[in-house]
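The primary structure of each chain is shown beneath.
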Protein chains: 2
Amino acid sequence: MTTYVHGYSSREARRLADQADVLAGLLHAGTAYPDGSRVLEAGCGVGAQTTHLAARSPGARIVSVDHSEESLALARARVHAPGVEWQRADLYELPFAGASFDHVFVCFVLEHLKEPAGVLAELRRVLRPGGSITVIEGDHGSAFFHPDSPHARAAVDCLVRLQAAGGGDGLIGRRLGPLLAGAGFEEVAVEPRTVWADAARPALAEGFTRETFTAAIEGVREEALAAGFATPDDFDRGVADLHRTAAGDGAFHYVFFKASARAGAEAGAGAGR
Amino acid sequence: MTTYVHGYSSREARRLADQADVLAGLLHAGTAYPDGSRVLEAGCGVGAQTTHLAARSPGARIVSVDHSEESLALARARVHAPGVEWQRADLYELPFAGASFDHVFVCFVLEHLKEPAGVLAELRRVLRPGGSITVIEGDHGSAFFHPDSPHARAAVDCLVRLQAAGGGDGLIGRRLGPLLAGAGFEEVAVEPRTVWADAARPALAEGFTRETFTAAIEGVREEALAAGFATPDDFDRGVADLHRTAAGDGAFHYVFFKASARAGAEAGAGAGR
């Protein structure tokens, strides 16, 4: 089972959907699957990425799975993607035979997992030999900004520490390569996809700096205070300083990592469980 | 006058030249000046960037200036660029009339300056109205790596603190936009140019992670210890951990910022001093 820091309130679902729209171009560029290919989206959540996945691969047979029935219900309600099959599944133990898929897509999932290596091994099992996996994750250690602020940095660190306390890793982006190689994937390639939101990009400053990143920090305020990671004043000042980086002459930098790899000849082994 | 953290030993000159070769493609892409155009390279140092600047703009009339006669002597000796005119100059008080140049190029200079805004204003004075400025600077706060290491982060922070103590700013990259706008430039545009050196890019791990970035950290060891910013053991462990990120499954991330802007209609005013 996965552990999430973010709660799935409907406001949160809306935020995740907004985030996906702003970032879709950056994250999904280069990802399109052929007509008829069998694609597994592992950990679809409320379907924020499913929309874009389906739009870019209209002829693919996409199966989007998540462990949470609640998330799947929200996804079914809000995502218009007739070709997508929604299914509940435990990522550590997928209800599919070996070599069932040509491609696997994973976005913003591994950061929440206690054992991402175990899930990657399971994903490799359901991939046919030569099939591809695409993994996209953020890395909160890539966040820096102008004006710089120790309070803002400390607030960001609260999220990282909460994710770590929950068994996840908010700094997972930088190690996608070793994770994929360690799970037996081949032809591993990792590229940074950078968000740079400054005065010349006010829509990105609004949509990403404020509504995505800073909103995510604000979203863990109560947890961070309860854990004793910050005082209310310090945390609130950090959040205010993050908002400041989206205004006037401010600037914000963040990196998503997009990794791709292939299942080798012996992938799909252990099929037919 | 400028204050440099790095000394200009011949080993250092060699390191800076190696760095320029590895990074030339990344940094210089998009920078080429027309035949006959008058280009000022402000702060050429030992000529590490001059080589690439001249190679990409063979018909431009490049004047490369630096405050240090010693650096200029090294530059003249090692850089084969017949069209370049080398000249000693104080960047805060350039020996040129207003509107003397069509383009200004500045690379790895502002980070060392006590008053970068003052130099930018002076550079704007010698630009003709409508002329362009290109500024490239790093940002040491953009460095993160796998495996992560608090000792490595502390060692990087030593360089940032030493630069700050000398009146410079190792985190200047993120604020090039506000600096240029504040100096009266128009059409300011800033883009991150990211170095991502991982197992798939062993030449970059060697040439950048080890020989450029980690070498720069190693180069301030004595200063950092003398300043009391680190113990010898902690500093050396940090350097070892940085080297580790260039080996095996390690990875290293760094951002250079490349900014461009134009001098407005009233640039070059105060000409003829």
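Use the structure listed above.
Residues numbered from 1 in each chain as written. Chains lettered and ligands numbered in written order. Predicted model: local features only at pLDDT ≥ 70, side-chain atom pairs only at ≥ 80, totals over all residues. Heavy atoms only, no water.

Student: Now, about the sheet that holds strand S3 (residues 85–88) of chain A: what can you tell me, with residues and values included?
Tutor: Residues and elements named next belong to chain A. Sheet architecture is open: seven strands sit in the order S3-S2-S1-S4-S5-S7-S6, paired in mixed fashion. Both edges of this open sheet fall to S3 and strand S6 (186–197), since each of them pairs with a single strand only. Averaged over all neighbouring strand pairs, the angle between strand axes comes to 20 degrees, with direction disregarded. Where strand S5 (residues 127–146) lies against strand S7 (residues 251–262), eleven bridges are found, and the strand directions are antiparallel. (Pairing = 2+ DSSP bridges. Helix = DSSP H or I, 4+ residues; strand = E, 2+ residues; numbered from the N terminus. Axes fitted to C-alpha atoms, helices over the stretch in contact; angles between N-to-C directions.)

Student: I'd love a proper account of the nonpolar core, names of residues and values included.
Tutor: Burial of nonpolar side chains together is a common tendency in soluble globular proteins. Among the nonpolar cores identified, the biggest contains 43 residues, and Phe-213, Ile-217, Phe-235 and Phe-252 of chain B are the most heavily contacted of them. The element best represented in this core is helix H5 (residues 150–165) of chain B, accounting for six residues. Excluding residues within four positions of it along the chain, Ile-217 of chain B makes contact with Ala-155, Val-156, Leu-159, Phe-235, Val-239 and Leu-242 of chain B. Cys-107, Ile-136, Val-220 and Leu-242 of chain A belong to the second-largest nonpolar core, a separate cluster that totals 42 residues. (Core = buried A, V, L, I, M, F, W, Y, C linked by side-chain atoms within 4.5 Å. Buried < 20%, exposed > 50% of the residue type's maximum accessible area, 1.4 Å probe, protein only. Contact = heavy atoms within 4.5 Å.)

Student: Help me get a handle on the interface of chain A and chain B, residues and values and all.
Tutor: Contacts between chain A and chain B engage 22 residues on the former and 22 residues on the latter. Remark: the boundary between chain A and chain B carries two salt bridges. As a salt-bridge pair, Arg-174 of chain B and Asp-148 of chain A come within 3.8 Å of each other at their nearest N and O atoms. Our count for the contact surface shared by chain A and chain B stands at six residue pairs in polar contact (both at pLDDT 80 or more). (Salt bridge = Lys/Arg side-chain N within 4 Å of Asp/Glu carboxyl O. Polar contact = N/O pair within 3.5 Å; in protein donor to acceptor, adjacent residues only side chain to side chain.)

Student: Can you lay out the sheet that holds strand S7 (residues 251–262) of chain B for me, pointing to particular residues and giving the numbers?
Tutor: All names here are of chain B. Taken in spatial order, the seven strands of this open sheet run S3-S2-S1-S4-S5-S7-S6, and their pairing is mixed. Two strands close off the open sheet at either side, each with one partner strand: strand S3 (85–88) and strand S6 (186–197). Adjacent strand axes in the sheet meet at a mean angle of 20 degrees when their direction is disregarded. In this sheet, strand S2 (residues 61–66) lies alongside strand S1 (residues 38–42) in parallel orientation, the contact comprising five bridges. Of the residues in S2, the one forming a bridge with Val-39 is Ile-62. Running at roughly 165 degrees to S3, helix H3 (residues 69–78) makes contact with S2 and S3 of the sheet.

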